[in-house]
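What the coordinates show
The residues making up each chain are set out below.
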Amino acid sequence: MANQFAVIGLGRFGLNLAQKLFESGQDVLGLDVNEERVEEAQGYVTHALIADSTDEEAMKSVGIRNFDTVIVAIGNDIQASILSVLLLKELGVQKVIAKAINKLHGKVLDKVGADWVVFPEKDMGLRVAHQLLSPNVLNFIELSNDYSIEEVKIPEKMIDKTLREIDFRAKFNISVIAIRHNHDIFISPSPDKLLDEGDVLVVIGKNRDLERFAKLH
Ligand code: ATP
């Protein structure tokens, strides 16, 4: 069964998020105070309505507590963003995700009960910087301040060698958890797996070891 999502604030962030969920087969209600934004969203979400998320009656009348997840994608109007999260949690919405535009805004959203606070500009800035510093790293997930999982293009000198021969754990202190080749993915590859041109390694380890490995190319 499709999940029920509501996205409040149909700016660039909110609308892109809503559209992606909708295209993936989820039920998405888009809400915005601005009529034009609601018009623009028609066809990209299941329903789009004009509503103010700081208005308790309006939120009750759209049955907001029946949604599995509500995303508050209001940024510039910090007051509206905070009041909306507070109200949604008070009305019993299980999972509220909120966009923050700065650290303090994020802290307050956390305090009023947001289940997940996202910082799109900060995260994208860090991601682009990371990509510029390590062009061989195609993607990464930070597990903590010290550990990450990364997708790294294989260095040319490793083509036609097996994982056993390279011995990632002993040499680089990192583990290969999967190998991706175009759309094929090999999870927990055997030590005898031969590395091929175009392979992408999914590796886990300490950030400084991963950095050292990504610079080998
Ligand atoms: P983005 O950076 O995502 O494009 P933006 O710059 O358009 O956003 P934001 O302040 O982040 O501006 O607002 C996003 C949307 O949230 C706007 O379309 C705005 O009309 C809507 N919005 C603001 N306050 C409310 C509210 N109380 N209820 C519903 N929607 C709201």
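Procedures and definitions
- Residues numbered from 1 in each chain as written.
- Predicted model: local features only at pLDDT ≥ 70, side-chain atom pairs only at ≥ 80, totals over all residues.
- Heavy atoms only, no water.
- Pairing = 2+ DSSP bridges.
- Helix = DSSP H or I, 4+ residues; strand = E, 2+ residues; numbered from the N terminus.
- Axes fitted to C-alpha atoms, helices over the stretch in contact; angles between N-to-C directions.
- Contact = heavy atoms within 4.5 Å.
- Buried < 20%, exposed > 50% of the residue type's maximum accessible area, 1.4 Å probe, protein only.
- Near = heavy atom within 4 Å.
- Polar contact = N/O pair within 3.5 Å; in protein donor to acceptor, adjacent residues only side chain to side chain.
- Areas by Shrake-Rupley, 256 points an atom, 1.4 Å probe, with all protein chains shown as cover.
- Nonpolar A, V, L, I, M, F, W, Y, C, P; charged D, E, K, R; others polar.
- Domains from an automatic or database assignment.

Next up on the list: the sheet that holds strand 4 (residues 69-72). The strand order across the open sheet built from six strands is 3-2-1-4-5-6, with neighbouring strands paired in parallel fashion. On the outer flanks of this sheet lie strand 3 (47-50) and strand 6 (116-118), each paired with one strand and no other. Sheet twist, expressed as the average angle between the axes of neighbouring strands with direction ignored, equals 20°. Where helix 1 (residues 12-23) meets the sheet, it contacts strand 1 (4-8), strand 2 (27-32), strand 4, strand 5 (95-99) and strand 6, and its direction lies at approximately 165° from that of strand 1.

This paragraph deals with the side chain of serine 81. Tracing the sequence through the fold places serine 81 in helix 4 (residues 78-90). Judged by its relative accessible area of 0%, serine 81 is buried. Sequence-distant contacts of serine 81, defined by excluding residues within four places in its chain, comprise Val72, Ile74, Lys99, His105 and Leu109.

Right, let's talk about the site of the ligand for a bit. Within the structure, the ligand sits among 21 residues, and Arg12, Asp32, Arg37, Asp52 and Gly75 are positioned closest to it. Here arginine 37 contributes a side-chain N or O atom positioned 2.6 Å from an oxygen atom of the ligand. With respect to the ligand, the backbone of glycine 75 contributes an N or O atom lying 2.7 Å from an oxygen atom. In the complex, the protein chains occlude 85% of the 630 Å² of accessible area that the ligand would expose alone. The class makeup of the residues in the shell around the ligand is eight nonpolar, seven polar and six charged.

The next subject is the domain arrangement of the protein. Partitioning the protein into domains gives domain 1 (4-133) and domain 2 (137-214). In this structure, domain 1 and domain 2 have C-alpha centres spaced 36 Å apart.

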